[in-house]
Amino acid sequence: QVQLVESGGGLVQTGGSLRLSCAASGRTFSTYTMGWFRQAPGKEREFVAAISWNTYYADSVKGRFTISRDNAKNTVYLQMNSLKPEDTAVYYCAADSTRYGLAVSLSTEDRVGSWGQGTQVTVSS
């Protein structure tokens, strides 16, 4: 079981930027697809982005968010630019339950093997 610890959330104004980080431990990080989900108040958790050797994004963040990974540091990042109030949510890091998957495979929660504790992102208008 991999342990995931997010950091980098906070309060930002509309149009601003934040970078989230997720440090992983416990298994061979580079062979697992990693991703980000988010949950806004009163809404279900939704997919944001995932990365294996390719990347996959939700339409709502495409062109504004960039997911990346540093396998030497066992860390995945989410660079969020042009933030909007509707991006306000708790952001969760997620690790695939199986190895060598495509990025798109982690776009549904049933593929998630491990979750981080979540980090709050608030975008003020």
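Residues numbered from 1 in each chain as written. Predicted model: local features only at pLDDT ≥ 70, side-chain atom pairs only at ≥ 80, totals over all residues. Heavy atoms only, no water.

Engineer: What should I look at first to understand the state of the cysteines in this one?
Structural biologist: Chemically, a disulfide is nothing more than a covalent bond linking the sulfur atoms of two cysteines. Scanning the entire structure with this criterion turns up one disulfide. Shown here is the disulfide that connects Cys22 with Cys93, its sulfur atoms set 2.1 Å apart. On the sign convention where negative is left-handed, the bridge of Cys22 and Cys93, at about -80° about the S-S bond, is left-handed. A residue pair is termed long-range when its members are at least 10 positions apart, and Cys22 in strand 3 (residues 18-25) and Cys93 in strand 9 (residues 89-99) qualify at 71 residues. (Disulfide = S-S within 2.5 Å. Helix = DSSP H or I, 4+ residues; strand = E, 2+ residues; numbered from the N terminus.)

Engineer: Help me understand the pattern of salt bridges in this model?
Structural biologist: Once their charged atoms are close, side chains differing in charge can pair, the charge on each being opposite to the other. Scanning the model with the defined rule gives six salt bridges in all. A salt bridge links Asp59 to Lys62, with the shortest nitrogen-to-oxygen separation between them at 3.1 Å. With a relative accessible area of 66%, Asp59 lands in the exposed category. A salt bridge links Asp87 to Arg64; the shortest N-O distance between them is 2.7 Å. Residue Asp87 is found in the loop between strand 8 (75-80) and strand 9, and its partner Arg64 is found in the loop between strand 6 (55-57) and strand 7 (65-70); the two are separated by 23 residues along the sequence. Assessed through its relative accessible area of 0%, Asp87 is described here as buried. Judged by its relative accessible area of 12%, Arg64 is buried. Linked through salt bridges whose partners overlap, the residues forming this network are Arg38, Glu46, Arg64 and Asp87. (Salt bridge = Lys/Arg side-chain N within 4 Å of Asp/Glu carboxyl O. Buried < 20%, exposed > 50% of the residue type's maximum accessible area, 1.4 Å probe, protein only.)

Engineer: Please explain the sheet that holds strand 3 as it appears in this structure.
Structural biologist: Sheet strands line up and pair through hydrogen bonds in the backbone, either parallel or antiparallel. Read across the sheet, four strands follow the order 1-3-8-7 without closing on themselves; strand pairing throughout is antiparallel. Two strands bound the open sheet, and with one partner strand each, they are strand 1 (3-7) and strand 7. The average angle at which neighbouring strand axes cross in this sheet is 15°, direction not considered. Bridge count for strand 3 against strand 8 is six bridges, and the pairing is antiparallel. If you follow Ser21 over to strand 8, its bridge partner there is Tyr77. (Pairing = 2+ DSSP bridges. Axes fitted to C-alpha atoms, helices over the stretch in contact; angles between N-to-C directions.)

Engineer: Is there a simple way to think about the nonpolar core in this case?
Structural biologist: A general feature of soluble globular proteins is that nonpolar side chains tend to end up buried together. Core analysis: the largest hydrophobic core is formed by 36 residues, its most contacted members being Met34, Trp36, Val76, Leu78, Met80 and Tyr91. Mapped by element, the contributors of at least two residues to this core are strand 3, strand 4 (32-39), strand 5 (46-51), strand 7, strand 8, strand 9 and strand 11 (119-124). (Core = buried A, V, L, I, M, F, W, Y, C linked by side-chain atoms within 4.5 Å.)

Engineer: Help me understand the packing of aromatic side chains, please; the structure alone is not making it clear to me.
Structural biologist: Aromatic ring pairs are reported here in terms of the distance separating the ring centres and the angle at which the planes meet. Per the stated rule, a full pass over the model turns up four aromatic pairs. Measuring from ring centre to ring centre gives 5.6 Å for Phe37 and Phe47, while their planes differ by 75°; the resulting arrangement is edge-to-face. Of this pair, Phe37 sits in strand 4 while Phe47 sits in strand 5, and the two are 10 residues apart along the sequence. The two residues Phe37 and Phe47 agree in class, both being buried. Members of the aromatic cluster, each reached through a chain of ring pairs, are Phe37, Phe47, Tyr56, Tyr92 and Trp115. (Phe/Tyr/Trp six-rings, centres within 6.5 Å; stacked < 30°, edge-to-face > 60°.)

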